[in-house]
Every structure is written in C-alpha cells, then in structure tokens.
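Coordinate inspection notes
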Amino acid sequence: MALVTMKELLRQADRENRGCGAFSVGNMEMVKGAISAAEEMNTPIILQIAEVRLNYSPLSLMGPMMVEAARQAKVDVAVHMDHGLTFETIKEALEYGFTSVMLDASRDSFEDNIAKTKEVVAMAKEYGATVEAELGLVGGSEDGKSDHGIRCTDPKDAKIFCEQTGVDALAVAIGNAHGDYPVAPKLEFGVLEQIRQETNMPLVLHGGSGITDDDFRKAISLGIRKVNIATASFKSLTKQAEEYLSTEGAHNYFDLNAAMVLGTYKNVKHHIEVFNCK
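Quick caveat, the model's predicted, so the values are computed rather than measured.

As for the sheet that holds strand β6 (residues 169–172)
Within the closed barrel, the 8 strands sit side by side as β1-β2-β3-β4-β5-β6-β7-β8. Their pairing is parallel. In this sheet, neighbouring strand axes are inclined to one another by 25 degrees on average, regardless of whether the strands run parallel or antiparallel. Two strands pair when backbone bridges link them, and strand β1 (residues 20–24) and strand β8 (residues 224–229) are joined in this way by 4 bridges, in the parallel orientation. By the bridge assignment, Ala22 is partnered in β8 with Asn228. Helix-sheet contacts for helix α8 (residues 213–221) involve β7 (203–205) and β8, and the interaxial angle to β8 is about 145 degrees. Across the sheet, helix α10 (residues 253–275) touches β1, β2 (45–50) and β8, and the angle it forms with β1 is around 155 degrees.

Let's talk about the state of the cysteines
With the rule as written, the count across this model stands at 0 disulfides. Not engaged in a disulfide, the cysteine Cys162 finds its nearest cysteine sulfur in Cys152; these two sulfurs lie 16 Å apart. When its relative accessible area of 9% is taken as the criterion, Cys162 is described as buried.

Comments concerning the nonpolar core
Counting 71 residues, the largest nonpolar core has Leu47, Met66, Met81, Phe98, Val101, Leu170 and Leu192 as the members making the most contacts within it. With 7 residues, helix α2 (residues 28–41) is the single largest residue contributor to this core. Each residue touching Met81, except ones within four places of it in the same chain, is listed here: Ile49, Ala50, Glu51, Leu54, Leu59, Thr89, Ile90, Ala93, Phe98, Ser100, Val101 and Met102. The next biggest cluster of nonpolar side chains, apart from the first, holds 12 residues, and it includes Met6, Leu10, Ile46 and Ala171.

A look at the pattern of salt bridges
Tallying each qualifying case throughout the model produces 11 salt bridges. Across the pair Lys159 and Glu163 runs a salt bridge, and its minimum N-O distance is 3.1 Å. Of this pair, Lys159 and Glu163 both sit in helix α6 (residues 155–165), 4 residues apart, which is roughly one turn of that helix. Here Lys159 falls in the partly exposed class, since its relative accessible area comes to 33%. By sharing partners, the salt bridges in this structure join Asp14, Arg196 and Arg225 into a single network.

As for unusual backbone geometry
Residues other than glycine seldom take positive phi values, yet Asn17 does so here, at roughly 50 degrees. Locating Asn17 in the fold gives a position in the loop between α1 (6–16) and β1. Of the residues examined, Asn17 reaches a relative accessible area of 40% and is grouped as partly exposed. In this model, Asn42 sits at a positive phi of 50 degrees, which is unusual for a non-glycine residue. Topologically, Asn42 is positioned in the loop between α2 and β2. Classification of Asn42 as exposed rests on a relative accessible area of 61%.

What counts as what
- Residues numbered from 1 in each chain as written.
- Predicted model: local features only at pLDDT ≥ 70, side-chain atom pairs only at ≥ 80, totals over all residues.
- Heavy atoms only, no water.
- Pairing = 2+ DSSP bridges.
- Helix = DSSP H or I, 4+ residues; strand = E, 2+ residues; numbered from the N terminus.
- Axes fitted to C-alpha atoms, helices over the stretch in contact; angles between N-to-C directions.
- Contact = heavy atoms within 4.5 Å.
- Disulfide = S-S within 2.5 Å.
- Buried < 20%, exposed > 50% of the residue type's maximum accessible area, 1.4 Å probe, protein only.
- Core = buried A, V, L, I, M, F, W, Y, C linked by side-chain atoms within 4.5 Å.
- Salt bridge = Lys/Arg side-chain N within 4 Å of Asp/Glu carboxyl O.

Everything listed is a geometric property; what it means functionally is a separate question.
Right, dumping it as structure tokens:
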C-alpha cells in the first residue's frame, strides 16, 4: 500500500469506529514483526519511536528503516516521532520522512504547551505531516525512569488547546500511565467522553500496555482512535528470545532474529484484534 500520514489513518479509524495501533519499535526485528502482523490482519498501523529511546536506537538508523518498511508494506503505515523533546529532533524526523510528529510539552504551563505546539504545527505543515500533542499528565515516563504523577485532562482546556494549536490528534490523561501497571488502571471514562464532546478530535491513549481488552474497547467506543503500545511489545520480544535461548543445543543469530520478530508479531497481532473491536 503506502506510507501515509497518521491523520489519514485516524480519520479511517473514526469512520469505522475502531482504534489504530501505534507500536513502538527499537530494532529491525520489531519493525518486521509489526509490519508482518499488520499485513496478516490487513489493518493499517502506526510505527513509532520515542525520543528517550534514541540512545538505544539512533534515529539516523531507525528513521530510514521505519520509513522504508512503511513504503514497502502491503497495508498503509504511518511513521511517527513519539514524545519528541526538542524541535531539533522533530525537524530531523521530518527530514527522514516521518509522516507524524509529537513534541511533548505536557509538563509545561498551558500557555507554553500551546505556544510550542503551534511551532511544531507550523514546522510539520511544510512537510505535510500530522501533529499530535498531549494535554494533562499521563503517569510515568517513556523510559520508566521517572513519575510525575497523573493529572486528568480538563475537557474545557482541551477545547481551547485544539482550537488554538490546530493539532490533528490529542493525547489525553484519563488515569493512564506509561510503562508497567502494578494493577490495571481505573480509567476515567466520563472525562474521556467529555473531552470527545468538547473537541470532536481523534484522541490518543498513551500507556496502553497493561490496560484490559474490555477497557480498550470502551475507550475506543468513546473516541480513542490511536492507542500506543510499547512496553508490551518489548516484553513479548524479550520473552520469545529467552524461550529460544533456554532450549537445548547450539543457538545462532538467525534463529534468535526469528524469535524476536515472532515475539513482536504476537503482541502486535493481539492488539490489532482488540483495537478492531473483534
């Protein structure tokens, strides 16, 4: 099919009342596994990477690979820079051909978040790219090294934010958090419903790993259109690799490669099934 903008995929998901999976990747095996699952399920996906992961997976290597994999895929794929921390990184991702970007200014003041997001919208417009932003505080951090608490998104603020910035998608805080949950979170569905009513905007759920399938489906029914999955994929890859390495006999890189692809594939396929509300 094609490398497409995230906006296109979210519009399609909105028409079909389903969620579009946004799967974080960190190496070639994860890219291959995610694309393989999407092609088998004949479902568009978003490939993404967060800036905090770039110390392990440099953008200069991951970016071209993600974009080329999307171009060659048999389904539509968007490529997204998730949780960008600097304008320089956002610009670099756009230069590599990413079709969607996010500068996370959610911990800044409301006014500064708006101002920075408007700059990103103007930058992305030059490339025809989609822009996601975040309002409220989603718990934890992408790298699991900090926790700034959770503050639910205010629906009235969300309306003002979307109107003033011109973003294409809004990540909301409704009790969700990045990383591992000790127990499944209690999502504030009432807040989500109000945000959707106020903004009529494709909404994004960060911290998807660990949320129950039923809660995913309910959130999607209330306007969530992009669902981020990172931790679950990394864990599934690691588990599959560990299982391979625990088998008797000699091991080799090629079978380890296949195990990592399979681990990612399994997790992505499961979540696609859930997000398609099947």
